[in-house]
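Letter by letter, the chains look like this.
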Amino acid sequence: MANVYYVGDWALAIGPLYAESPFNCGHKGAEVFNDSTWLKTALESSGEHRVTCVPTWEFYKLPPGEYERILDEYDVLIFSDVEAKLFQLCPDMFDRRQFGKQVLTFPDRIRLTIEAVQGGLGVMFLGGWMSFTGELGRGGWGRTKLAEILPLQCLDIEDLAESSEGFAIVPELPDHPVLAGLDVAAAPPILGYNITRPRTGCEVVARFSETGDPAIAVGSFGSGRVFSYTSDPAPHWACNFVYWDEYAAFWQNACRWAAGQ
């Protein structure tokens, strides 16, 4: 059984203000949903995996030492709609009561993540408006050392590809374990994704047929494995995908591969 720690795909709504992160919010309407339930339920449906899911603001507020514990105790980490600032900043940096009393430094979560992957941790980096480069560059993964463990290259500009008609996924490596037993070409249309480029030494497992852009990519870094899906596991990009009859099997395959099982 893989023990999975999943960050992201939550939101807080205060009237029409819709906040998915401590740093970014927008006006999207007054309803709020915990969209992480789609992926969490899919991963746990076979009994193989146990998932702890937290919103981005809880990840951001982890005290020093807590992330190290998570890296030690979990087999796979999932980051979906989690911008780089959540790795780079610590809330105590903004606590003015501490200013001038001591030198303020905190453990570097990006360094810790890279070292954990190299030591055998599995990570799944998933798409969204605040993933990869993201909307207006807010994702920012490519400008940090997270790029060292991404199986894809991020763009230097906003990377969102969206279409109300959708995009189709086609296999590039149909025999890869991530696609085992799946007819991925029969998946319903994906309404958007992050545009990325292949990375030398890593594998593109599937692409979007209309553009040829990577949809699924994998790579090994040290003893660890990293899986990337450039679209979102939850609506709105996945408002059709979550009802695919092989949705759960797809994510179980991905998690199993990332865990090295």
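Residues numbered from 1 in each chain as written. Predicted model: local features only at pLDDT ≥ 70, side-chain atom pairs only at ≥ 80, totals over all residues. Heavy atoms only, no water.

**Some thoughts on the layout of surface pockets**
Stage number 1. Here the second largest pocket defines a volume of roughly 180 Å³.
Stage number 2. Contributing to the lining of the second largest pocket are 16 residues, with Cys 90, Phe 106, Pro 107, Asp 108 and Arg 109 lying nearest its centre.
Stage number 3. Elements that contribute at least two residues to the lining of the second largest pocket include exactly helix H3 (66-73) and helix H4 (85-88).
Stage number 4. A total of 3 residues in the lining of the second largest pocket trace back to one element, the largest contributor, which is H3.
Stage number 5. In terms of residue class, the lining of the second largest pocket is made up of 10 nonpolar, 2 polar and 4 charged. (1 Å grid on protein atoms, 1.4 Å probe; cavity = no way out; pocket = protein on both sides within 12 Å on 5 of 7 lines; lining within 4 Å. Points joined across faces, edges and corners; volume = space filled by probe spheres on them. Helix = DSSP H or I, 4+ residues; strand = E, 2+ residues; numbered from the N terminus. Nonpolar A, V, L, I, M, F, W, Y, C, P; charged D, E, K, R; others polar.)

**Points about the packing of helix H1 (residues 36-44) against helix H6 (residues 247-258)**
Stage number 1. Their axes nearest at 8 Å, the elements H1 and H6 cross at an angle of 75°. Viewed along their axes, H1 and H6 adopt a mutual orientation that is roughly perpendicular. Residues Trp 38, Leu 39, Ala 42 and Leu 43 of H1 lie in contact with H6, whose contacting residues are Tyr 247, Ala 248, Trp 251, Gln 252 and Cys 255.
Stage number 2. In terms of residue class, the contact of H1 with H6 is made up of 8 nonpolar, 1 polar and no charged. (Axes fitted to C-alpha atoms, helices over the stretch in contact; angles between N-to-C directions. Parallel < 35°, antiparallel > 145°, perpendicular 65-115°, else oblique. Contact = heavy atoms within 4.5 Å.)

**Considering the packing of aromatic side chains**
Stage number 1. Within the structure shown, the criterion is met by 22 aromatic pairs.
Stage number 2. Ring geometry for Trp 38 and Tyr 243: centres 5.3 Å apart, planes at 75°, overall edge-to-face. Placement of Trp 38 in helix H1 and of Tyr 243 in the loop between strand S15 (224-229) and H6 is noted, with a sequence separation of 205 residues between them.
Stage number 3. Residue classification places Trp 38 among the partly exposed residues on the basis of a relative accessible area of 27%.
Stage number 4. The exposure class assigned to Tyr 243 is exposed, which follows from its relative accessible area of 62%.
Stage number 5. Counting every residue linked through ring pairs, the aromatic cluster contains Phe 59, Tyr 67, Phe 79, Phe 87, Phe 125, Phe 132 and Trp 141.
Stage number 6. Above the plane of the ring of Phe 59 lies Arg 109, whose end atom (NZ or CZ) is 4.9 Å from the centre. (Phe/Tyr/Trp six-rings, centres within 6.5 Å; stacked < 30°, edge-to-face > 60°. Buried < 20%, exposed > 50% of the residue type's maximum accessible area, 1.4 Å probe, protein only. Lys NZ or Arg CZ within 6 Å of the ring centre and 35° of its normal.)

**Things to note about the packing of H3 against helix H5 (residues 109-118)**
Stage number 1. Following both chains from N to C, one finds H3 and H5 inclined at 15°, their axes separated by 11 Å at the closest point. The orientation of H3 with respect to H5, classified from their angle, is roughly parallel. Of the two possible hands of crossing, H3 and H5 adopt the one that is right-handed. Contact residues: H3 offers Tyr 67, Glu 68 and Leu 71, while H5 offers Arg 109, Leu 112, Thr 113 and Ala 116.
Stage number 2. Classifying every residue of the contact of H3 with H5 by side-chain character gives 4 nonpolar, 1 polar and 2 charged. (Left-handed = near helix turned anticlockwise from the far one by under 90°.)

**Looking at the UniProt feature "domain: Putative glutamine amidotransferase" (unreviewed entry) in the chain**
Stage number 1. In the numbering adopted here, UniProt assigns the feature "domain: Putative glutamine amidotransferase" (unreviewed entry) to residues 35-257.
Stage number 2. Secondary structure over residues 35-257 splits into 21% helix and 26% strand, and the C-alpha atoms at its two ends are 23 Å apart. (UniProt positions renumbered as here; feature names shortened; annotations may be inferred.)

**Re the environment of Arg 143**
Stage number 1. One can find Arg 143 in the loop between strand S7 (122-126) and strand S8 (152-154).
Stage number 2. Taking C-alpha positions, Arg 143 is 20 Å from Ala 161, a pair spaced 18 residues apart along the chain.

**Let's talk about the pattern of salt bridges**
Stage number 1. Counted according to the given criterion, the structure contains 9 salt bridges.
Stage number 2. For the salt bridge of Arg 256 with Glu 48, the shortest nitrogen-to-oxygen distance reads 2.5 Å. Of this pair, Arg 256 sits in helix H6 while Glu 48 sits in the loop between H1 and strand S5 (49-54), and the two are 208 residues apart along the sequence.
Stage number 3. A relative accessible area of 25% means that Glu 48 is categorised as partly exposed.
Stage number 4. Across the salt bridge formed by Glu 115 and Arg 111, the nearest N and O atoms sit 3.2 Å from each other. Residue Glu 115 and its partner Arg 111 are located together in helix H5, separated by 4 residues, close to a single helical turn. (Salt bridge = Lys/Arg side-chain N within 4 Å of Asp/Glu carboxyl O.)

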